[in-house]
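Tertiary structure, described
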Amino acid sequence: MKNGLVTSVFALLLPTLVNAATNDPYLTQQWTLGPSIGVVPGTGLSAAWQHTDNRRETVVAVLDSGVIEHADLADRLLLGYDFVSDPIVAADSDGRDADPTDPGNWVTDDMLINGNYPLDCARKHSDWHGTKVASIIGATQDNDIGIAGGTANAWILPVRVTGRCGGSEQDLIDAILWSAGLEIENIPTNTTPADIINISLGRSGNCSASLQAAIDSVTLLGSMVVAAAGNASETTKDRALQSNPMTPAICKNVITVGALDSNAMLAGYSFYGDSIDFVAPGGEPLFGIPVLSDGGETIAKRDDKIAKDYGTSYAAPHLSAALALLLGSNEQISPEQALNALTETTVHSTDFLCQLEQCGAGLIDADAAIRSLNAPETNAATQETPYTPASASSDTKRPSGGGALGVFTMFLLGMLCGQLYKIGRNQLRG
Ligand SMILES: [Ca+2]
Ligand SMILES: [Ca+2]
Ligand SMILES: [Ca+2]
């Protein structure tokens, strides 16, 4: 809970935090895009916009609940796909299909009594989670509507993996592989392979061999997997990933993102630990992050609502946006170079746990990263790449020429809340 002094200082800072580079009406409330000033953990994204001409477009797959029609996002969406195979979970009357529209994931008491839902599934309104996550990355900039996405060069590939009460790990695995351009039986090949795969969901427990294999495969192809660290629930007693593992947060070759609150301290809900690679602002109840949403509690109203929300689910897409922005600033920048630039330019939190190296490299600063990456004297794009060229396995192919790829040496995270696995059905929750 914030005290009055901090609140007033924060309010005072707000108008100057975000560079007035666009006309999006909610930009001045998007404190997470501004610079890191004092106790306000900005990501430097809005300042970084001045240092790129977005010469390369990127594709960011958002593996989540799907997306809805929203005036501030519609122009940034690729076709995507719906991987939710269980019709009861999917709530769109069938299994997998080509339409990743989020039909709403509301749950009523009546459904819980009469439906075949997991035991820990609870009554809830639709949350439009996928739209919120996607909007932090790709909401249309400078269109006089809503918010500004973190970068202007990212196309959002909406890939639906969760519905009512979560989703299955096999659907997530297939979605990861498909997003990177790999072939999945009976599904048209994705002709717009993702540079970045954002996974703002997860489950408790260790990474499975099959999920790890999928992540490793797409990493070899040059896709970067970004995952949220996970959020504590009311029953969570341990937020340390090393002793209370979350998946895909602790899987290898995942860039795992924890959340700072609006005071630049580790958020009280965020998992932390050795598996964390970065932290980014995740907001909190009193200082949520502006996102695109919908006013519908069941089906979408299509009212172009702007909401505020918080969680590690919203920290991860800030990292995805920063990576997309860096990749777009110069055609020759590899995933490794973008990642290294972010790692080398972080801001360190004074949080006790962060001082104990439980917050990875620290808070990202996209502005410092893009300036370092494109500085004439150390032009990363002209440097020899230090990693071994990838040799994708024979059963993999990338439809279009993506970047090169080595295996990342870092461990990434995912997002999450609560357990995914349920009796008889593997559940993922957003
Ligand atoms: Ca369906
Ligand atoms: Ca569908
Ligand atoms: Ca906008």
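Calculation rules
Residues numbered from 1 in each chain as written. Chains lettered and ligands numbered in written order. Predicted model: local features only at pLDDT ≥ 70, side-chain atom pairs only at ≥ 80, totals over all residues. Helix = DSSP H or I, 4+ residues; strand = E, 2+ residues; numbered from the N terminus. Buried ≥ 20, exposed ≤ 12 C-beta atoms within 10 Å, placed from the backbone. Contact = placed C-beta atoms within 7 Å. Axes fitted to C-alpha atoms, helices over the stretch in contact; angles between N-to-C directions. Parallel < 35°, antiparallel > 145°, perpendicular 65-115°, else oblique. Left-handed = near helix turned anticlockwise from the far one by under 90°. Core = buried A, V, L, I, M, F, W, Y, C linked by C-beta atoms within 7 Å. Pairing = 2+ DSSP bridges. Expected span 1.5 Å × (residues − 1). pLDDT = per-residue confidence, 0-100. Nonpolar A, V, L, I, M, F, W, Y, C, P; charged D, E, K, R; others polar.

**Considerations on the overall build of the chain**
Broken down by element type, the chain carries 11 helices and 13 strands. Residue burial in the chain is summarised as follows: out of 430 residues, 57% are buried. Of the contacts formed within the chain by residues at least 6 apart in sequence, a portion of 74% connects residues at least 24 apart.

**A word on the packing of helix H9 (residues 335-344) against helix H11 (residues 366-373)**
Where H9 meets H11, the axes come as close as 8 Å, and the angle between the chain directions of the two elements is 125°. With respect to H11, the axis of H9 lies oblique. In this structure, H9 crosses over H11, and the sense of that crossing is right-handed. Where H9 approaches H11, its residues Gln337, Ala341, Leu342 and Glu344 are matched on the opposing element by Ala369, Ser372 and Leu373.

**Concerning the nonpolar core**
Counting residues in each nonpolar core, the largest one holds 113 residues, and the members touching the most others are Val60, Ile176, Ile197, Val226, Val257, Ala322 and Leu326. For this core, the leading source of residues is helix H8 (residues 312-328), giving 11 residues.

**Looking at the sheet that holds strand S4 (residues 196-199)**
One open sheet holds the seven strands; their spatial order is S2-S3-S1-S4-S6-S8-S9, and the pairing between them is parallel. Of all strands in the sheet, those with a lone pairing partner are strand S2 (81-82) and strand S9 (278-281), marking the two edges. Here helix H6 (residues 169-179) sits on the sheet in contact with strand S1 (58-64), S2, strand S3 (154-160) and S4, set at roughly 175° to S1.

**Thoughts on the pairing of S4**
Residues Ile196 and Asn198 point to one face of S4 and Ile197 and Ile199 to the other, with burial holding for every one of them. As paired strands, S1 and S4 are joined by four bridges and run parallel to one another. Pairing of leucine 63 across the sheet is with isoleucine 199, part of S4. In this structure, S4 lies alongside strand S6 (residues 224-228), joined through four bridges in parallel fashion. Bridged to isoleucine 199 within S6 is alanine 227.

**Here's the deal with helix H7 (residues 209-220)**
Here H7 spans 16 Å end to end across 12 residues, near enough to the 16 Å set by a 1.5 Å rise per residue. Listed in full, the buried residues belonging to H7 are Leu211, Ala214, Ile215, Ser217, Val218, Thr219 and Leu220. Directly after H7, the chain includes glycine 222, whose backbone phi takes a positive value near 105°.

**Notes on unusual backbone geometry**
Of note, the bond from threonine 247 into proline 248 is cis; its omega dihedral lies within 30 degrees of zero at 10°. Following the sequence through the fold, proline 248 ends up in the loop between strand S7 (246-247) and strand S8 (254-260). In the Ramachandran plot, asparagine 54 falls in the positive-phi region, its phi being about 50° despite a non-glycine side chain. Inspection of the secondary structure puts asparagine 54 in the loop between helix H2 (45-48) and S1. Of the residues examined, asparagine 54 has 15 C-beta atoms within 10 Å and is grouped as partly exposed.

**Brief notes about the confidence of the model for the chain**
Overall, the predicted model of the chain reaches an average pLDDT of 85, with 83% of residues at or above 70. Low confidence marks residues 1-16, where pLDDT is under 50. Its contacts with residues over four positions away, or in another chain, come to 10 contacts. Low pLDDT, under 50, characterises residues 379-430; the predicted model gives this stretch 166 contacts beyond four residues in sequence or across chains.

**Thoughts on the pairing of S3**
With respect to burial, S3 is a largely interior element, six of its seven residues being buried. Sheet topology places S1 next to S3; seven bridges connect them, and they run parallel. When the bridges of S3 are listed, alanine 61 appears paired with leucine 157. Of the strand pairs in this sheet, S2 and S3 are connected by two bridges, and their pairing is parallel. Looking across to S3, one finds that tyrosine 81 is bridged to valine 159.

**Observations concerning the environment of alanine 267**
Of note, alanine 267 is situated in the loop between S8 and S9. Along the primary structure alanine 267 and threonine 312 are separated by 45 residues, whereas in three dimensions their C-alpha atoms are 8.8 Å apart. The residues touching alanine 267, leaving out its near neighbours within four places in the chain, are Ala259, Leu260, Asp261, Gly282 and Glu284.

**Notes on the packing of H6 against H7**
At a closest axis distance of 9 Å, the pairing of H6 and H7 adopts a crossing angle of 10°. Accordingly, the angle class assigned to the pair H6 and H7 is roughly parallel. Between H6 and H7, the residues in contact are Glu169, Ile173, Ile176 and Leu177 and Ser210, Leu211, Ala214, Ile215, Ser217 and Val218, respectively. Counted by class, the contact of H6 with H7 contains seven nonpolar, two polar and one charged residues.

**Quick look at H9**
Across the 10 residues that make up H9, a large majority, seven, are buried. Every buried residue of H9 is accounted for by Pro335, Glu336, Gln337, Ala338, Leu339, Ala341 and Leu342. Next to the buried residues of H9 lie S6, S9, H8 and H11.

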